[in-house]
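# A closer look at the structure
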Amino acid sequence: MLSRVKSIYLFIRENGTVTTTSLSEEFGITARTVQRDLHVLQYNGLVTSPYRGKWTTTEKKVKIS
């Protein structure tokens, strides 16, 4: 699961603002699963939703290994 969350974060970082639907289609998972993963990222301060259903990364520094 952590690798999927990491992949979602990297996808958002590379593509800028994305929708929940586009993430669902890109990763072949349900919208509910995307929402759960985004909640994990949001809780850790890595993504934000400036508009309903759209997500972008924050300025928080991240060490990706």
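Let me sum up the structure you'll find in this document. Owing to the predicted nature of the structure, the values given are computational and were not obtained by experimental measurement. Numbers given for residues are sequential positions, taken from 1 along each chain in its written order. Since the coordinates come from a predicted model, pLDDT governs what is reported: local features require at least 70, and pairs of side-chain atoms require 80 or more to be given and counted, while whole-chain, interface and lining totals use all residues. To get the side-chain values, take all heavy atoms of the structure and skip hydrogens and water.

## Things to note about helix α2 (residues 20-27)
Filter applied, for reference: The cut-offs for exposure are 20% and 50% of the maximum accessible area for each residue type, with area from a 1.4 Å probe on protein chains only; residues under the lower value are buried, those over the upper are exposed, and the others partly exposed. Secondary structure is summarised from DSSP: a helix means a run of H or I of at least four residues, a strand means a run of E of at least two, and numbering begins at the N terminus for each. This arc is taken over the directions from the axis of the helix to the C-beta atoms.
If you check which residues of α2 are buried, you get T20, L23 and S24. Buried residues of α2, seen end-on, are gathered within an arc of 100° and therefore sit on one face of the element. Summarising the geometry of α2, the exposed residues directed more than 90 degrees from the buried face are T21 and E25. With its phi angle positive at about 65°, G28 sits one or two positions after the end of α2.

## Looking at the packing of aromatic side chains
Let me state the cut-off plainly: Ring pairs are drawn from Phe, Tyr and Trp, using the six-membered ring of Trp, whenever the two centres fall within 6.5 Å, and their geometry is named by plane angle: stacked under 30 degrees, edge-to-face over 60, tilted for the rest.
Tallied over the entire structure, the rule returns one aromatic pair. Judged by centre distance (5.7 Å) and plane angle (80°), the rings of F11 and F27 are edge-to-face. With a gap of 16 residues between them, F11 in helix α1 (residues 2-15) and F27 in helix α2 connect regions that are remote in the sequence. Take F11: its relative accessible area is 18%, and that puts it in the buried class.

## With respect to the environment of E26
Tracing the backbone shows E26 in helix α2. With relative accessibility at 47%, the residue E26 sits in the partly exposed group. Measuring from C-alpha to C-alpha, the distance between E26 and F11 comes to 9.3 Å, with 15 residues separating the pair along the chain.

## Re the side chain of S24
As a reminder of what qualifies: In what follows, residue pairs with any heavy atoms lying within 4.5 Å of each other are defined as contacts.
Among the secondary structure elements, S24 is positioned in helix α2. The residues touching S24, leaving out its near neighbours within four places in the chain, are I29, T30, A31 and V34.

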